[in-house]
Amino acid sequence: MSEKTNKQYEVDKRYLRMALVWAENSYCERRKVGALIVKDQMIISDGYNGTPSGFENVCEDENNVTKPYVLHAEANAITKVAASSNSSKGATIYVTSAPCIECAKLIIQSGIRRVVYSEKYRVEDGCQLLQRAGISVEFIEM
Ligand SMILES: [Zn+2]
């Protein structure tokens, strides 16, 4: 590993650790996911999985099934950028779990160029779609 890539790897691990801490904000019982969007060495957005603003802070129904309107961490982080004066074009998203296919579509459309994640997901169609769109997808074991 060259000095530059090694340095990038250390930075990536640090942001992933922050995303893991951020995931603790989630009130979802089944799974807590955190995401950070970084551009030009600045965190421009963050997100964790949860219900939309104004809804009750409960993610699961009485059968412990995740409610259909729960937003994933990536979707929350990307829509937060949309509501701000920032742009996610060319940014990197750090997410504690591999993106699902729905979030992969949002990541592609938001102009994000790089995805770094730390936990594999049983279905890999999200990562495959990202790669098909030419987005760099990197897995770092935490
Ligand atoms: Zn998702």
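Look above for the structure.
### A look at helix H1 (residues 3-23)
What sets the pattern is the α-helix's 3.6 residues per turn: residues three or four places apart point alike. In this model H1 runs 30 Å from its N-terminal to its C-terminal C-alpha over 21 residues, within 8% of the 30 Å that 1.5 Å per residue would give. Turning to H1, its buried residues number three or more, namely Asp12, Tyr15, Leu16, Ala19 and Ala23. All buried residues of H1 lie within an arc of 105° about the axis, which places them on one face of the element. The exposed residues of H1 that point more than 90 degrees off its buried face are Glu3 and Lys7. Each element contacted by the buried residues of H1 is listed here: strand E1 (34-39), strand E2 (42-48), strand E3 (92-95), strand E4 (114-117) and strand E5 (136-139).

### Quick word on the coordination of the zinc ion
Note on the zinc ion: its protein donors are His72 (ND1), Cys100 (SG) and Cys103 (SG). The metal-donor distances range over 2.0 to 2.3 Å. Here His72 falls in the partly exposed class, since its relative accessible area comes to 37%. Cys103 sits in the buried class, given a relative accessible area of 3%.

### Let's talk about the pattern of salt bridges
Applying the stated criterion across every chain yields a total of seven salt bridges. One salt bridge connects Lys13 with Glu10, and the closest N-O pair in it is separated by 3.9 Å. A residue pair is termed a helical-turn pair when its members lie 3 or 4 positions apart in one helix, as Lys13 and Glu10 do in helix H1 at three residues. Residue Lys13 is classed as partly exposed on the basis of its relative accessible area, which comes to 21%. On the basis of relative accessibility, which here comes to 31%, the residue Glu10 falls in the partly exposed class. Between Glu119 and Arg31 there is a salt bridge whose closest N-O contact spans 3.4 Å.

### What to know about the pairing of E1
Across the six residues that make up E1, a large majority, five, are buried. Judged from the six bridges that link them, E1 and E2 form a sheet pairing that is antiparallel. Within E2, the residue paired with Val38 across the bridge is Ile43. Where E1 hands over to E2, the hairpin turn is made up of two residues, of which Asp40 adopts a positive phi near 50°. Where E1 meets E3, four bridges bridge the pair, whose relative direction is antiparallel. Among the inter-strand pairings, Ile37 is bridged to a residue of E3, identified as Ile93.

### Digging into the sheet that holds E1
If you trace the five strands from one edge of the open sheet to the other, you get E2-E1-E3-E4-E5, paired in mixed fashion. Of all strands in the sheet, those bounded by a partner on one side alone are E2 and E5. Strand after strand, the sheet turns through a mean of 15° between neighbouring axes, direction not considered. Both E4 and E5 contribute to a ladder of four bridges, which runs parallel. Directly across from Tyr117, in E5, lies its bridge partner Phe139. Packed on one face of the sheet, H1 meets E1, E2, E3, E4 and E5 and runs near 140° to E1.

Definitions and limits used
Residues numbered from 1 in each chain as written. Predicted model: local features only at pLDDT ≥ 70, side-chain atom pairs only at ≥ 80, totals over all residues. Heavy atoms only, no water. Helix = DSSP H or I, 4+ residues; strand = E, 2+ residues; numbered from the N terminus. Expected span 1.5 Å × (residues − 1). Buried < 20%, exposed > 50% of the residue type's maximum accessible area, 1.4 Å probe, protein only. Arc of directions from axis to C-beta. Contact = heavy atoms within 4.5 Å. Donors = N, O, S within 2.8 Å, 3.2 Å for Na, K, Ca; no water. Salt bridge = Lys/Arg side-chain N within 4 Å of Asp/Glu carboxyl O. Pairing = 2+ DSSP bridges. Axes fitted to C-alpha atoms, helices over the stretch in contact; angles between N-to-C directions.

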